[in-house]
Amino acid sequence: MNSEDSEENLETLQEYIDWCFDVIVMKKNQNACSPVKSETPSSKRSRPADSPETTSPTGKSFTDILDSIDKRLSSFDARLSLVEILHREFKSLRESLEFSQQQVETLAAENASLRDSVKSLTENVTHLNEENKKIKETVIDLQARSMRDNLVFSGIPESAEEDAEATVKSFIKTYPKLPEDTVENICFERVHRLGAKKPGAPRPRPIVAKFGYFKQKEQVKSRGRELKGTDFSVNDQFPKEILERRKVLFPIRRSLIQKGSRAVIAVDRLYVDGRLYRDVRTTP
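Each chain carries its own residue numbering, running from 1 in the written order of its sequence. Reporting of local features is limited, given that this is a predicted model, to residues whose pLDDT is at least 70; pairs of side-chain atoms are given and counted only at 80 or more, and all residues count toward the totals for whole chains, interfaces and linings. Side-chain metrics rest on all non-hydrogen atoms present in the structure, leaving aside hydrogens and water.

Chemist: Run through the sheet that holds strand β6 (residues 269-272), naming residues and quoting values.
Modeler: Only strands joined by at least two bridges in the DSSP assignment are considered to pair. Per the convention used, a helix needs a DSSP run of H or I reaching at least four residues, while a strand needs a run of E reaching at least two, with both numbered from the N terminus. If you walk across this open sheet you meet the three strands as β5-β6-β7, and the pairing is antiparallel. For this open sheet the edge positions go to β5 (263-266) and β7 (275-277), each flanked by a neighbour on one side alone. Neighbour to neighbour, the strand axes of the sheet diverge by 35° on average, direction disregarded. As defined by bridge partners, β6 adjoins β7 across three bridges and the pair is classed as antiparallel. Every angle, taken between N-to-C directions, lies between 0 and 180 degrees, and every axis is a line fitted to C-alpha atoms, over only the stretch in contact when it is a helix.

Chemist: Which residues make up the packing of aromatic side chains, and what values do they have?
Modeler: Stacked, tilted and edge-to-face are the three classes applied to pairs of Phe, Tyr and Trp rings, where Trp contributes its six-membered ring and a pair requires centres within 6.5 Å; stacked means planes under 30 degrees apart, edge-to-face means over 60, and tilted covers the rest. Following the criterion strictly, the structure yields five aromatic pairs and no others. With centroids separated by 5.9 Å and ring planes inclined at 80°, the aromatic side chains of Phe 153 and Phe 171 adopt a geometry described as edge-to-face. Placement of Phe 153 in strand β1 (residues 150-154) and of Phe 171 in helix α4 (residues 164-174) is noted, with a sequence separation of 18 residues between them. Take Phe 153 and Phe 171: they sit in the same class, and that class is buried. Ring pairs connect the aromatic residues Phe 153, Phe 171, Tyr 175 and Phe 232, which therefore count as one cluster. Buried means the residue's accessible area, taken with a 1.4 Å probe over protein chains only, is under 20% of the maximum for its type, while exposed means over 50%, and partly exposed covers the values in between.

Chemist: Summarise helix α6 (residues 214-222); cite the residues concerned and give the values.
Modeler: Within α6, burial applies to Gln 216, Lys 217 and Val 220. Buried residues in α6, looked at end-on, bunch into an arc of 100°, giving them a common side. The contact criterion used is simple: two residues touch if any of their non-hydrogen atoms lie within 4.5 Å. Along its buried surface, α6 packs onto β1, α4, β3 (207-211) and β4 (233-236). It is the directions from the helix axis to the C-beta atoms whose arc is reported.

Chemist: Help me get a handle on the sheet that holds β3, residues and values and all.
Modeler: The four strands are arranged β2-β3-β1-β4 in an open sheet whose pairing can be described as antiparallel. Only two strands of the sheet have a single neighbouring strand rather than two, namely β2 (188-193) and β4. Direction aside, neighbouring strands of the sheet carry axes that sit 20° apart on average. Pairing of β2 with β3 involves five bridges; the strand directions are antiparallel. Its bridge partner lying in β3, Arg 190 is registered against Lys 210. Across the sheet, α4 touches β1, β2, β3 and β4, and the angle it forms with β2 is around 95°. In the packing of α6 onto the sheet, contacts are made with β1, β3 and β4, and the angle to β1 comes to roughly 30°.

Chemist: Describe the confidence of the model for the chain, and please don't skip the residues or the numbers.
Modeler: Scored between 0 and 100, pLDDT is the confidence that the predictor attaches to each residue. Taken as a whole, the chain shows an average pLDDT of 82; of its residues, 76% reach a score of 70 or greater. Across the chain, the secondary-structure element scoring lowest on mean pLDDT is helix α2 (residues 41-45), at 42, and the one scoring highest is β3, at 97. Below a pLDDT of 50 lies the segment residues 36-53, which in the model reaches 11 contacts outside its immediate sequence neighbourhood of four places, other chains included.

Chemist: Requested: an account of the environment of Arg 225, with residues and values cited.
Modeler: Here Arg 225 shows up in the loop between α6 and β4. Assessed through its relative accessible area of 64%, Arg 225 is described here as exposed. Considering only alpha carbons, one finds Arg 225 and Pro 176, 49 residues apart in sequence, at a separation of 8.0 Å.

Chemist: Would you mind going over the side chain of Lys 217 in detail, with residue names and values included?
Modeler: Locating Lys 217 in the fold gives a position in helix α6. Other than its neighbours up to four places away in sequence, Lys 217 contacts Arg 148, Asp 149, Asn 150, Leu 151, Phe 211 and Asp 236.

Chemist: Please provide a residue-by-residue account of unusual backbone geometry, values included.
Modeler: In this structure, Lys 177 takes a positive phi of about 60° despite not being glycine. Along the chain, the position of Lys 177 falls in the loop between α4 and α5 (180-184). Take Lys 177: its relative accessible area is 54%, and that puts it in the exposed class. Of note in this structure, Val 267 is not a glycine but carries a positive phi near 60°. Positionally, Val 267 belongs in the loop between β5 and β6.

Shown next, in the form of structure tokens:
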């Protein structure tokens, strides 16, 4: 029903109410001004059809008007029922929306808590990585210190059932050319070949000798220059990590020496003209 129909129904209803009011007032006035006359059935039957008691100002009978009002009221009731249904649906949707909003807020709070937890875990992992790096460097340093008295002899021919200590002493007498009495006084804690023996290997296994005295180890090492141009070498023993760092530093040292600088490698550090050389791209 559109707004024009609603206005028309309201106007009709208003007319009917006004008409009923006029009838009641007129009838009341008539009763006050004239004596009461008994009305016979014949007089009732002779009442004109368009009497105010039987017709409305619009020319419609009371029955038609009442039926029309009843239909309109029924229509209003149906519309009110629809409004109530829509109101309940709206209320349900609002409650659902409020519940969803609460869920979103809860999830947002949980997400913020999880984000904080992830941040804390990331910081802890970073801290643990730093601690692990420090521990690893400490272990490497301890390994290097434990090898401080060791020398690695490379290129010495290997024979079956050899005495590694006797082989090293014989080598020291022959190639570094240390005096015999000096060699005889050298004290070793342990001498052995590195790794398992491999038949058909192109080079003999190196020999590791742990000296009983650091000065004796340095004395033998200082004669290493006598081995230049031969297939033999004598070097300090280092952990694997330090050896890899030294491999990076040796080409840099060679290049600096060619440029006229004084470059020396101490364990895993390179010193150039007395200053520590640092390059994050090539050195640890």
